[in-house]
Amino acid sequence: MLTAQSLLPLLAVCVATSAQVTQFYLPTPADLSTPVQVRLAFNGPTGMGVGFNTFKQLEKPTVYWGLTPDHLPFSSSSNSSITYPTSRTWANTVHLSPLLPGTQYYYKIESTNSTIMNFRTARIAGDMTPHTVAVVVDMGVFGPDGLSERNMTYTGQAVANSLSMGEHTTIDRLVKDSDNYAFVVHPGDFGYADAWLKEELVNYINGTIAQGPEIYEGLNEQFWQQLSVITSNKAYMVTAGNHEANCDNGGKKGYTDSICPVGQTDFTGFINRYGSLLPASSETLIPPFGGSFPPGVAVGATKLAAAKRAAAVAQSLPPFFYSYDYGMVHYVMFDTETDLGNGLVAPDEPGGSSDFTTTYAQGSYTNQQVDWLRADLAAVDRTLTPWVIAAGHRPWYSPEGCDVCQDAFESLFLEYDVDIVLQGHVHNMQLVAPIANGTLDPAGFHNPSAPAYVINGAAGHFEGLDTLPALQNYTVFSNDVEYGYSKLFFQDKKNAVISFIGSNSGEVLHSVTLYKERS
């Protein structure tokens, strides 16, 4: 549960010892080892990655942990404390293990200015306990330098769907709703720091082109600190979107990503925070502490699946493409921005639709992602994880969809019976009925052979929401007037409820049950 106590280390950063370099930077804490931007990620059911930033490099980042808040007898350390040229902070990563699956732990990051927080580990694959996951895409800074109650006061131009006074943001609602979901999936677009130039050119913020690197880093600091009220207590599983690519995604008036300095190109900040935090092991299929798998799970089949998964893991590349299990669900995080393979030019690669020149393929060879994806999906043991969910940034069943992304991924999702695809990029909500190669599945949501698509990029950023044009017959729900996020409730191995939640009201705007027949 997120409590007032869990906010203390976040509030502590507001104690400044020196003037801000610009109005966009957060105050520097007196203790430069103060952990900020705290974030968690599952490392299988028996491990948790703890990431945090500090205002100095740490020789040995350390986290103390235990089963009660007043007794933290264990500690884990690392030598992972890294930065990049334009960042004021160092990203630190510590992996906690061995932990018990599905168990609440308490932890404290070593510092004179930190407090005790908590998290819950993942459920082991094969655990059929019902659970809910929250899904967020396309979320930016909230407040004066991002989405807020004000209009573009310097020009009189209104932000589309600017917040009403006192309106709850998506972060607000996720905090209030935190007891009702296990963790968060966020496939791309964090903070929109790269929109600094666009904000400046329309006079939404004050600044100069020369201040761009500082403004970009300041907006990043604001966003990750705002988000840490959630990410310090909930595993937050991510993959890349186009707004992580460089410092000028969506600039105009002749400016391109060529203005971005070293440190603000090629997903540097995103890799810095999440590259070593996310899972890269086959631990999800290994029973912890010499224990046993849940009743009814065939151990022989499990060992075979573990061997196949281990082979697939060797080709994964977090934070861009990787997978993990949670209970009855296998999650595949895929990358729509680079590495589409088979001669396809991805949107954020040179020659792609984003028109970037400073973003490149991340894999070690052309087909690494699609080879990994095929191997990973082929290794899924449906007796353990009957549900398979894929999450990537750009949609294809949407106005201005990503055709090359569809070419890269849809056939694999169909071949391996992916149940639901989670996407965003467009700043509104859309639910696409089960569909294959442009043809609606006649079964609808009752035992389809094709996946349903949940497209929800309505979490909110400074430009507001995108107005939807006329929609195709495959769109069964849409909303372009309210900010929100999605939730998936896995009732059992046959039923999953897909819901769209309004951030301000907390109300369910739309829901549907997807039924899949399974033996």
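Residues numbered from 1 in each chain as written. Predicted model: local features only at pLDDT ≥ 70, side-chain atom pairs only at ≥ 80, totals over all residues. Heavy atoms only, no water.

1. A closer look at the overall build of the chain
- For the chain, the helix and strand inventory stands at 8 helices and 25 strands.
- By residue count, 61% of the 519 residues in the chain fall in the buried class.
- Long-range contacts, defined as pairs at least 24 residues apart, comprise 71% of the intrachain contacts of the chain with a sequence gap of at least 6.
- Element-wise, carbon and sulfur atoms account for 53% of the exposed surface of the chain, whose accessible area totals about 18,200 Å². (Helix = DSSP H or I, 4+ residues; strand = E, 2+ residues; numbered from the N terminus. Buried < 20%, exposed > 50% of the residue type's maximum accessible area, 1.4 Å probe, protein only. Contact = heavy atoms within 4.5 Å. Areas by Shrake-Rupley, 256 points an atom, 1.4 Å probe, with all protein chains shown as cover.)

2. Looking at the environment of V175
- In this fold, V175 is placed in helix α2 (residues 170-176).
- Measuring from C-alpha to C-alpha, the distance between V175 and V229 comes to 7.5 Å, with 54 residues separating the pair along the chain.

3. Here we look at unusual backbone geometry
- Omega for the peptide link from S97 to P98 comes to -5 degrees, which places this bond in the cis form.
- Among the secondary structure elements, P98 is positioned in the loop between β6 (90-96) and β7 (104-109).
- With an omega of 10 degrees, the peptide bond running from P318 to P319 counts as cis.
- Examined against the element boundaries, P319 turns out to sit in the loop between α6 (299-313) and β14 (322-326).
- Residue D339 is not a glycine yet carries a positive backbone phi of 60 degrees.
- Residue placement: D339 occurs in the loop between β15 (329-333) and α7 (368-378).
- Look at D355: it is not a glycine, yet its phi comes out positive at around 60 degrees.

4. Some remarks on the pattern of salt bridges
- Evaluated as defined, the whole model comprises 12 salt bridges.
- In this structure, R394 and D348 form a salt bridge, with 3.1 Å as the shortest nitrogen-oxygen distance. Taken together, the positions of R394 in the loop between β16 (387-391) and α8 (403-415) and D348 in the loop between β15 and α7 put the pair 46 residues apart, joining distant regions of the chain. With respect to burial, R394 and D348 carry one shared label: buried.
- For R382, the salt bridge identified is with D419, shortest N-O distance 3.4 Å. In this pair, R382 sits in the loop between α7 and β16 while D419 sits in the loop between α8 and β17 (420-423), placing the two residues 37 residues apart along the sequence.
- Through salt bridges with shared partners, a single network forms among R382, D417, D419, K516 and R518. (Salt bridge = Lys/Arg side-chain N within 4 Å of Asp/Glu carboxyl O.)

5. Some remarks on the side chain of Q423
- By secondary structure assignment, the location of Q423 is in strand β17.
- For Q423, a relative accessible area of 1% gives the class buried.
- Only 3.1 Å separates the side chain of Q423 from the backbone oxygen of R394, close enough to count as a polar contact.
- Dropping the residues within four chain positions of it, Q423 is found in contact with V137, F334, G392, H393, R394, P395, W396, Y453, V454, I455 and N456. (Polar contact = N/O pair within 3.5 Å; in protein donor to acceptor, adjacent residues only side chain to side chain.)

6. Some thoughts on the state of the cysteines
- Counting across every chain of the model gives 2 disulfides.
- Here C247 engages in a disulfide with C260; their sulfurs sit 2.2 Å apart. The disulfide joining C247 to C260 has a torsion of about -95 degrees about its S-S bond and is therefore left-handed. Of this pair, C247 sits in the loop between β13 (236-239) and α5 (268-274) while C260 sits in the loop between β13 and α5; the two residues are 13 residues apart in sequence, bridging distant segments of the chain. You'll find C247 and C260 in the same group, each marked buried. (Disulfide = S-S within 2.5 Å.)

7. Some thoughts on the environment of G363
- Along the polypeptide, G363 turns up in the loop between β15 and α7.
- Apart from the residues lying within four places of it in its own chain, the contact partners of G363 are L317, D339 and Q368.

8. Some remarks on the pairing of β7
- Where strand β3 (residues 62-66) lies against β7, 4 bridges are found, and the strand directions are antiparallel. Bridge assignment links V63 to a residue of β7, and that residue is I109.
- In this structure, β7 lies alongside strand β8 (residues 117-120), joined through 4 bridges in antiparallel fashion. In the sheet register, Q104 faces β8, and the bridge partner there is R120. (Pairing = 2+ DSSP bridges.)

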